[in-house]
Amino acid sequence: MNKYFANSQLFQLINAHFKELIREPGVLFWGIVFPILMSLGLGVAFTQKTDVVRKVAIIETNDDGSNSLTKSDSLLNFRAQEISDLSTDSFNYSITIPDEQLGNTTFLFRKTNWQHAMLMLKRGKINLILNEKDGKTEYHFDPLNPDAQLSYIKLSALFGKNDIKPVTEVGSIKPLTLTGTRYIDFLIPGLIVMNVMMSCMWGISYGIIDRRSKKLLRRMVATPMKKSYFLLSLITVRFAMNFVESGLLVLFAWFAFNISIQGNYAALLAIFMAGNFAFAGIAIFISSYTANTEVGNGLINAVVMPMMVLSGVFFSYHNFPDWSIPVIQKLPLTMLADGIRSIFNEGAGFGEIYLPFGILTLSGIVFFSLGLKIFRWH
Amino acid sequence: MEQPVIEVRNVHKSFKLVQAVKGISLKIAAGSFVAILGPNGAGKTTLVEMIEGIQKPDQGEILILGKTWKNNEDELRQVIGLSLQETRFIDKLRVSETMSLFASFFKLGKDRVDEVISLVGLEDKRKAFVVNLSGGQRQRLALGIALLNKPKILLLDEPTTGLDPNARREIWDILNKLKQQSGTSMILTTHYMEEAERLCDYIIIIDKGEILKEGTLDQMLNDEQGEKFVEFSLKNPPGQLPTTHEFPSKISWNVEDSKGRFILGKVDSQLPLFFDYLKNNNLQLNDMECRRLTLDDLFTSLTGRHLDE
């Protein structure tokens, strides 16, 4: 190795920070294996059609002497299979509606009294209660719970027609399995940007705060070390790690789910670097002052959590109220996620991403300089 | 004295609630080993960190080799070696790697790293991770890092605090060797009087941010009126000792351990007076020890407290 190179501050700093990172076995697991497992888990969970089980309680009507059967009685009698196991919370009837396209739906019914049904609802064992009064069917459920709503829709169809047909017969569902339109195509860019944010925020911020609290920072600046080299080395090591981690994740997703990058590779690299830079800047900024790791924890979470929830890492942010969308779209993580997704799935190039690229780079510069201004080395 | 390597002029430093340093002035001659001795919280670390350029004084001036920290930081960093109190280096870095990292800051190569590793006796541990070192080994690593650049001025903040006697002696041996070899000047803070006595030719005792006394060991111990230190306990200890205008007028009585202490000038003439005093006040002696004065005794006689309290 070139002697000058080996003795150079920057090389030694990068070397030290890199070794520190890779010698922690947890780093490799959480940085590389965990995102892959997550993509595998979520990818499989959301791309495979699965059999859905919907659980319903039916209130037993008081025997008023009339021998007329209620609607639910007749449904259960004619179509349902009786389940023999009768522990307190088990279900006594099941109806399965086969559906090759969307997966089978199985309804499990439990005949019980109102009190017990409410208890089961509260415990999340069921999300719908069926009650028949004077020949009318009442559906009790939380209208804000989409799952319960779906149960209601399907169940009312079952009652209305006295017969339920597989959905395929009704019309024209064409499953979207084209690359770029599946959930996994949405998810992988989300995981990449989440990883970039987490790795920068925790890696750089926590690294700085921890060194400050250990007085190592103070010891290092009591030498002729160039301060900028110290920060530069932390950032460089993170960038390199993020690059490797994201690359492996994409490679895995390509193998396992056949995802592809439809747009411009150079543009992808550019926005990826801009995102890294933006989060490195934010990380330096929030770790510029405190020496308390718990305060640091709070600060990092305060930045990371809102974006994790809002920026559409796992699910589209278009489900949030309309007024909030323009705000959400201006968050750095959203910008990065949208940019990377457009390159992956919409074939975008520099023309589409120059704006987020510019804003991310600029915010990196702004936060970096602000952070340096108030940075406490001691 | 020729131009001092360090000159501190009337330096003050306050934090939110405490006045840590209240007007300290001192001069350190080239090549001398100086101990700043004082109990915890005396202001030793604050003083040394101001000399190190890590903290800025609120008032007063500090000159290192005739230069202030302002505008001369790059130059002064090259000639100073230091170890802070309780620095923790990177856990998962090996001893030699940690040394190489710091050596690179001074643009020094592998040769100097090897030299220093053997100087501080860490040859066997050069491949060990820092996290696996013992307390003494960590302090030797910190000392080695301080010595990397062959500093003209070495500043060590409590280099042996928390170490067992063996580990402490190892550090002392390294420093004594250094003292014989080079023209390094050293300031060391400590609350172990033995450390100050063994390593340093000049001692500055500070307490509550002020210098109580300074001088060579001999000067300090002979300067006092007495030469012997007396410690005694009584069979019938009172809450407070009866006062007297004659000798011994300056007995400090510690209620907590029920012991009295005083400094004796002339054993043959003054000791009988002490017995007279006990007899006149109906106090019965239980135990008594009379010995040569130490720095701790001096500190106790000045403040009524021990150095390590």
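For the structure given in this document, a descriptive report is provided here. Remember, predicted model here, so these are calculated numbers, not experimental data.

**Some remarks on the overall build of chain B**
Within chain B, the regular secondary structure consists of 10 helices and 13 strands. When its C-alpha atoms are laid out on the principal axes, chain B stretches across 75 × 40 × 40 Å. Here chain B, with 309 residues, has 39% of them falling under the buried criterion.

**Here's the deal with the environment of B:Glu158**
Relative to the helices and strands, B:Glu158 resides in the loop between β6 (153–157) and α6 (165–181). In contact with B:Glu158, other than residues within four places in its own chain, are B:Gln85, B:Thr189 and B:Thr190.

**Observations regarding the interface of chain B and chain A**
Facing the 23 residues of chain B at the interface are 21 residues of chain A. Of all elements in the fold, only α2 (73–79) and α3 (95–105) of chain B reach the threshold of two or more residues within the side of chain B that touches chain A. By residue number, the principal contributor to the side of chain B that touches chain A is α3(B), which donates six residues. Tallied by class, residues from the side of chain B that touches chain A come to 10 nonpolar, five polar and eight charged.

**Overview of the pairing of strand β3 (residues 93–97) of chain A**
On any regular strand, side chains alternate: one points to one face of the sheet, the next to the other face. All names here are of chain A. Pairing geometry for strand β2 (residues 81–82) and β3, over two bridges, is antiparallel. Each bridged residue has a counterpart across the sheet, and for Glu 82 the counterpart in β3 is Tyr 93. Taken together, the five bridges between β3 and strand β4 (residues 105–112) define a ladder with antiparallel strand orientation. Residue Ser 94 lies in a different strand from β4, and its bridge partner there is Leu 108.

**A few points about the packing of α3(B) against helix α4 (residues 110–119) of chain B**
Residue and element names in this part refer to chain B. Two numbers describe how α3 lies on α4: the axes approach to 9 Å, and their chain directions differ by 125°. Of the possible angle classes, the one that applies to α3 and α4 is oblique. Like other packed secondary-structure pairs, α3 and α4 cross with a definite hand, here right-handed. Facing Val 95, Ser 96, Met 99, Ser 100 and Ala 103 of α3, the residues of α4 in contact are Lys 110, Arg 112, Val 113, Val 116 and Ile 117.

The rules behind each value
Residues numbered from 1 in each chain as written. Chains lettered and ligands numbered in written order. Predicted model: local features only at pLDDT ≥ 70, side-chain atom pairs only at ≥ 80, totals over all residues. Helix = DSSP H or I, 4+ residues; strand = E, 2+ residues; numbered from the N terminus. Buried ≥ 20, exposed ≤ 12 C-beta atoms within 10 Å, placed from the backbone. Contact = placed C-beta atoms within 7 Å. Nonpolar A, V, L, I, M, F, W, Y, C, P; charged D, E, K, R; others polar. Pairing = 2+ DSSP bridges. Axes fitted to C-alpha atoms, helices over the stretch in contact; angles between N-to-C directions. Parallel < 35°, antiparallel > 145°, perpendicular 65-115°, else oblique. Left-handed = near helix turned anticlockwise from the far one by under 90°.

Take it as geometry only, folks, not as evidence of what the structure does.
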